[in-house]
Amino acid sequence: MDKNTIQILFCTCIGLIATFGIYRLARRGLLSFRYTVGWLVLSTIGVVAGVAIPIIAPLARFLAITPAALLAIGGVLLLVIICLQLSISISGLHERQRRLTEELAHLRLSVDNLERSNQK
Amino acid sequence: MTRHHLDKESVLIVVPALNEADSISEVLRSLTSNKFAAVVISDGSIDATATIAREHGFAVLDLAINLGVGGALRAGFQHACRHGFEAVIQVDADGQHPIDHIEKLIAAANDFNADMVIGSRFANDFTSMHVNGVRRLTMRVLAWSASRATKSAISDSTSGFRLIRQPLLERFSHTFASNYLGDTYEALIAAGRAGFTVIEIPAPIIDRAVGESTSSTMQSFLQTVKVFTVALLQLHTRI
């Protein structure tokens, strides 16, 4: 087996394991549909990444790096984008949780006041 | 702009409290005897803080989860705005803020037509600070930065004893940082950069009768560096 075939098989295996793992998480309800789609797209890219090595070779040569390094950089960039998107989501959720907590406290106070006025 | 003249009736005292059952009674007694309207925000307390406040006859916003001082204060600001108050005064539940100085904050807001009045523990006298070197240095840096942002001499940018008046109060009821120092230093920076008038007057601090401060020197220093960077890069909350 030559070096390229080993690389292709390795990437494909990793991609398939990741895809299966994400599918299992989604089936168990631990990942929402929105995030399942994002991660499945990423793992699918992983599956075909090995095949893409000969295709990206000219670009890697132009950038004076190996195709594997270019692939790794692409993977890291994609993960950074996903992390950034998740950070934005968490920030939004934090603010929404804060507003809900505030509203709940205001409502509790209104209920307390109503109960007190009813008792009088 | 015509401003509403502030008096006791138009000002709400906002008391954020986290597990302060041992100390809050004294503060509330003092507020009652001075005939102030107040709201206690129990910030996810697991002790009798909320119950004690209700027993004293005060409105209680009982937050289901801990939001931090800034989070609790914003809930208090919303309560003030919904009930038509012209200003709020933040008072700690641990009894460190002098209740008898509240009227001085109100008078200063009226005299100087100020949007925010800080009760300064040091008022240009940093030697009175009973803190170690690192904390003293960071407080000086923050004070210098806050003075620049507000174009006013600020000696105590981290004081939690302060008056906030409409329309700044309304703005803060929508957007108010909940991170460490977000309710003090960052709020000052936000108000100053938005063009609101900020002044400070001297106000002594009373030593805690019960409990102790929760933050270590290293934690405070790191958080201070973080919040100072936020201000430097203009990443603070926009109001």
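Quick note: structure is the one above.
A. Main features of the overall build of chain A. The helix and strand inventory of chain A stands at three helices and zero strands. Going from the N terminus to the C terminus, chain A shows its helices and strands as α-α-α. Counting every position in chain A, which comprises 120 residues, the buried fraction comes to 18%. Long-range pairs, those at least 24 residues apart, make up 57% of the contacts in chain A between residues at least 6 apart in sequence. Carbon and sulfur atoms make up 73% of the accessible area of chain A, which amounts to about 8800 Å² in all. Side chains of chain A give 12 positive and 6 negative charges; the mean places of these two sets differ by 10 Å.

B. Focus on the sheet that holds strand 5 (residues 116–120) of chain B. Residues and elements named next belong to chain B. The seven strands lie next to each other as 3-2-1-4-6-5-7, forming an open sheet whose pairing is mixed. Two strands lie at the open edges of the sheet, namely strand 3 (59–63) and strand 7 (198–202), each paired on one side alone. Averaged over all adjacent pairs, the angle separating strand axes in this sheet is 20°, with direction ignored. Looking at chain direction, strand 1 (residues 11–17) and strand 4 (residues 87–90) are connected through four bridges and run parallel. Bridged to Val-14 within strand 4 is Gln-90. Across the sheet, helix 1 (residues 24–33) is in contact with strand 1 and strand 2 (37–43); its angle to strand 1 comes to roughly 175°.

C. Expanded view of the layout of surface pockets. All names here are of chain A. The space that makes up the second largest pocket amounts to roughly 550 Å³. What lines the second largest pocket is a set of 23 residues, and nearest its centre among them are Ile-45, Gly-46, Ala-49, Leu-71 and Gly-75. Elements represented by at least two residues in the lining of the second largest pocket include exactly helix 1 (3–27), helix 2 (33–62) and helix 3 (67–119). With nine residues, helix 3 is the single largest residue contributor to the lining of the second largest pocket. Broken down by class, the residue content of the lining of the second largest pocket amounts to 17 nonpolar, six polar and no charged.

D. Representation of the packing of helix 2 of chain A against helix 3 of chain A. Residues and elements named next belong to chain A. Interhelical geometry of helix 2 versus helix 3 gives an angle of 155° and a closest axis separation of 8 Å. With respect to helix 3, the element helix 2 is oriented roughly antiparallel. In the crossing of helix 2 with helix 3, the sense of the turn from one axis to the other is right-handed. Across the interface between the two elements, Arg-34, Tyr-35, Trp-39, Leu-42, Ile-45, Ala-49, Ile-53, Ile-56, Ala-57, Leu-59 and Ala-60 of helix 2 pack against Pro-67, Leu-70, Leu-71, Leu-78, Leu-79, Ile-82, Gln-85, Leu-86 and Ser-89 of helix 3.

E. Examining the environment of Val-227 of chain B more closely. All names here are of chain B. Take Val-227: it is sitting in helix 8 (residues 217–232). Relative accessible area serves as the criterion here: at 3%, Val-227 is assigned to the buried category. Distance from Val-227 to Arg-136, taken between C-alpha atoms, is 16 Å for residues 91 residues apart in sequence.

F. Quick look at the state of the cysteines. Summed over the entire model, instances satisfying the criterion amount to zero disulfides over all chains. No disulfide involves Cys-11 of chain A; its sulfur sits 9.5 Å from that of Cys-13 of chain A, the nearest cysteine.

G. Broad picture of the pattern of salt bridges. Throughout the structure, instances matching the rule amount to twelve salt bridges over all chains. A salt bridge links Glu-95 of chain A to Arg-99 of chain A; the shortest N-O distance between them is 3.3 Å. One end of the pair, Glu-95 of chain A, and the other, Arg-99 of chain A, are both in helix 3, four residues apart, so they sit about a helical turn from each other. Overall, Glu-95 of chain A belongs to the partly exposed group, its relative accessible area being 26%. Taking the shortest distance from any N to any O, the salt bridge between Arg-74 of chain B and Glu-102 of chain A comes out at 2.7 Å. Remark: Glu-102 of chain A occurs in helix 3 and Arg-74 of chain B occurs in helix 3 (residues 68–82); the pair is interchain, linking two chains. Looking at Arg-74 of chain B, the relative accessible area reads 1%, which means it is buried.

H. Focus on a nonpolar patch on the surface. Residues and elements named next belong to chain A. On the surface, a nonpolar cluster with roughly 640 Å² of combined accessible area is contributed by Phe-33, Val-37, Val-41, Ile-45, Val-48, Leu-78 and Ile-81. Of all elements in the fold, only helix 2 and helix 3 reach the threshold of two or more residues within the nonpolar patch. The element best represented in the nonpolar patch is helix 2, accounting for five residues.

I. Inspection of helix 1 of chain A at higher detail. Residue and element names in this part refer to chain A. Over its 25 residues, helix 1 runs 36 Å from end to end, which matches the ideal 36 Å to within 8%, given 1.5 Å per residue. Along helix 1, the positions that sit buried rather than exposed are Cys-11, Gly-15 and Ile-22. In this structure, the buried residues of helix 1 make contact with helix 2 and helix 3. Once helix 1 finishes, Gly-29 follows within two positions and takes phi at roughly 75°, a positive value.

J. Highlighting the interface of chain A and chain B. If you look at the interface, chain A gives 14 residues, while chain B gives 20 residues. A buried area of about 1500 Å², summed over both sides, lies between chain A and chain B, and 49% of it is on carbon and sulfur atoms. Counting every contact that joins chain A to chain B gives nine residue pairs in polar contact (both at pLDDT 80 or more). In terms of residue class, the side of chain A that touches chain B is made up of three nonpolar, four polar and seven charged.

Parameters and conventions
Residues numbered from 1 in each chain as written. Chains lettered and ligands numbered in written order. Predicted model: local features only at pLDDT ≥ 70, side-chain atom pairs only at ≥ 80, totals over all residues. Heavy atoms only, no water. Helix = DSSP H or I, 4+ residues; strand = E, 2+ residues; numbered from the N terminus. Buried < 20%, exposed > 50% of the residue type's maximum accessible area, 1.4 Å probe, protein only. Contact = heavy atoms within 4.5 Å. Areas by Shrake-Rupley, 256 points an atom, 1.4 Å probe, with all protein chains shown as cover. Lys, Arg positive; Asp, Glu negative; His and termini not counted. Charge placed at Lys NZ, Arg CZ, Asp CG, Glu CD. Pairing = 2+ DSSP bridges. Axes fitted to C-alpha atoms, helices over the stretch in contact; angles between N-to-C directions. 1 Å grid on protein atoms, 1.4 Å probe; cavity = no way out; pocket = protein on both sides within 12 Å on 5 of 7 lines; lining within 4 Å. Points joined across faces, edges and corners; volume = space filled by probe spheres on them. Nonpolar A, V, L, I, M, F, W, Y, C, P; charged D, E, K, R; others polar. Parallel < 35°, antiparallel > 145°, perpendicular 65-115°, else oblique. Left-handed = near helix turned anticlockwise from the far one by under 90°. Disulfide = S-S within 2.5 Å. Salt bridge = Lys/Arg side-chain N within 4 Å of Asp/Glu carboxyl O. Patch = residues over 30% accessible without salt bridge, like charges linked within 9 Å, V, L, I, M, F, W, Y side chains within 5 Å. Expected span 1.5 Å × (residues − 1). Buried area = accessible area lost by both parts, 1.4 Å probe. Polar contact = N/O pair within 3.5 Å; in protein donor to acceptor, adjacent residues only side chain to side chain.

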